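Architecture and fold: a report
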Amino acid sequence: MRKLFLFIAVILLAACSGSGSSEDKTTVADSARWHIAVLPTMDCLPLMLAQDRGFFDDEGVSVGLQLFQSQMDVDTALLGGSAQAAATDLARVMHLRQQGLHLCCVSATDAAWQLVSMRPARISKLAQLDDKMLAMTRYSATDLLSDLVVDSAGLKPERVFRIQINDLNVRLGMLQSGIMDAMFLPEPQSMLARDHRAQLLYDTRRADLWLGCLAFVGDSAMKQQSDVKAILRAYDRAVDSLNQRGLAAYADLLASQLRLSAAAVDSLSSQPPFRHSHEPRQVDVTRASSWWEKRVASMKYVEKRYIQ
């Protein structure tokens, strides 16, 4: 039966998780000076609010957001030049730099990931991931975290089957339908899984691990530092507004950009306060760079561990 599930997962991956097909929309005209690629995740909400409420315009900088459903499509936008910046993660930055794209991380973000499993999989602790399928995105924070939890549980890497599911909504659906045993999800997708009685196995916030970042293509960021500072000021204004008024005040934005119902917004009421823009912590940068160096040094070993 497990082999059948695995076969189904691979077929669905090929059909639903391709690159270049999951952009929702560009929120302003293509004539914007800065195009920032974002995902439908809580860490991108300050950018979405800054765009929606005109904070970028107030700061004198022209910004358009490009909303995607997968990190792979964010990468495509950066590599192809249609986006000059993105909300991404430190592990992904290391990967893109190796591909020749110079990225400058101008700020950390509040991105967090949770490892969750549905009850039929009978996983209540990390050690029970043995011989289970774990959905993630290769060469990203979720890949780094997969290594972390496998190592901490003392499991053999080849005994945890990593399935690359790039689209966040597809990934969540595969958990809810029982195709996947476990997966890493950001908020609000993790919250939606927990609302369907998913078991929480690991939380990067509790582990004090912050891998999210706002990265700009290096040359443009260095040449236009005044614009970057203006974008961060608008971001901080949005953070202040979110913290002061609460998520419920922006239910319309959460519905249009993150596809959340009023009930789902209410479930996020315990969301930690958003933080102002700030440089990524050195401990997090070191964690990502050390992981990537080990990954590059053992690529042949790495390639054997994924199913895609």
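Each chain carries its own residue numbering, running from 1 in the written order of its sequence. The model is predicted, so local features are restricted to residues of pLDDT at least 70 and side-chain atom pairs to those at 80 or more, both for listing and for counting; the totals for chains, interfaces and linings are taken over all residues. Only hydrogens and water are removed before side-chain values are computed, so all heavy atoms of the structure are retained for them.

Going from Glu187 to Pro188, the amide bond is cis rather than trans, its omega being 10°. Relative to the elements of secondary structure, Pro188 occurs in the loop between β9 (182-186) and α8 (189-195). Positive phi, close to 60°, is recorded for Tyr139, a residue that is not glycine. Here Tyr139 shows up in the loop between β7 (132-136) and α6 (141-152). Each residue is placed in one exposure class: buried if its accessible area under a 1.4 Å probe, protein chains only, is under 20% of its type's maximum, exposed if it is over 50%, and partly exposed if it falls in between. Since its relative accessible area comes to 11%, Tyr139 is described here as buried. A positive phi angle is found at Arg259, which is not glycine, with a value near 60°. In this fold, Arg259 is placed in the loop between α11 (251-257) and α12 (262-267). For the purposes of this entry, the term helix denotes a DSSP run of H or I that reaches at least four residues, the term strand denotes a run of E that reaches at least two, and both are numbered from the N terminus.

This part covers the side chain of Gln84. Here Gln84 is to be found in the loop between α4 (71-80) and β4 (85-89). With relative accessibility at 18%, the residue Gln84 sits in the buried group. As used in this structure description, the phrase polar contact means that two N or O atoms lie within 3.5 Å; if the pair is within protein, one of them must be able to donate a hydrogen and the other to accept it, and residues adjacent in sequence are counted only when both atoms belong to side chains. Polar contacts involving the side chain of Gln84 include one to the main-chain amide nitrogen of His35, which spans 2.7 Å.

Attention now moves to the nonpolar core. Definition used in this section: a nonpolar core is a set of buried Ala, Val, Leu, Ile, Met, Phe, Trp, Tyr and Cys residues joined via side-chain atoms within 4.5 Å. In terms of nonpolar packing, the biggest core is built from 44 residues, with Leu115, Leu129 and Phe184 touching the most fellow members. Excluding its chain neighbours within four sequence positions, the residues that come into contact with Leu129 are Leu115, Ile123, Leu134, Val149, Leu155, Arg159, Val160 and Ala182. Membership of the second largest hydrophobic core comes to 42 residues, among which are Met42, Leu67, Leu214 and Ala264. Contact between two residues is taken to exist if any of their heavy atoms lie within 4.5 Å; hydrogens are not considered.

All buried positions along helix α7 (residues 168-176) are accounted for by Leu168, Arg171, Leu172, Met174 and Leu175. The buried residues of α7 all sit within an arc of 160° when viewed along its axis, so they share a single face. Sitting at the amino-terminal end of α7 is Asp167, which places a side-chain oxygen 2.9 Å from the backbone nitrogen of Asn169. Positive phi appears at Gly178, one or two residues downstream of α7, with a value of about 85°. The arc in question is formed by the directions pointing from the helix axis toward the C-beta atoms.

Turning to the packing of aromatic side chains, a few remarks are in order. Any two of the Phe, Tyr and Trp rings considered here, Trp counted by its six-membered ring, make a pair once their centres fall within 6.5 Å; the pair's planes then place it as stacked at under 30 degrees, edge-to-face at over 60, or tilted in between. Scanning the model with the defined rule gives three aromatic pairs in all. Centroid distance Trp291 to Trp292: 5.9 Å. Interplanar angle 45°. Geometry classified as tilted. Through successive ring pairs, a cluster of aromatic residues spans Tyr139, Trp291 and Trp292. Here the guanidinium or amino end of Arg275 rests over the ring plane of Trp210, the centre of that ring lying 4.2 Å away. Criterion for a charge above a ring: Arg CZ or Lys NZ at most 6 Å from the ring centre, at most 35 degrees from the ring normal.

What follows deals with helix α5 (residues 90-98). Within α5, seven of the nine residues are buried, which leaves it mostly tucked inside the rest of the structure. Looking at the buried residues of α5, the elements they touch are α4, β4, β5 (103-108), α6, β11 (212-217) and α13 (282-297). One side-chain oxygen at the N-terminal end of α5 lies 3.0 Å from the backbone nitrogen of Ala91; it belongs to Asp89. Two residues or fewer past α5, Gly100 is found with a positive phi of approximately 100°.

Purely geometric numbers; function is a separate question.
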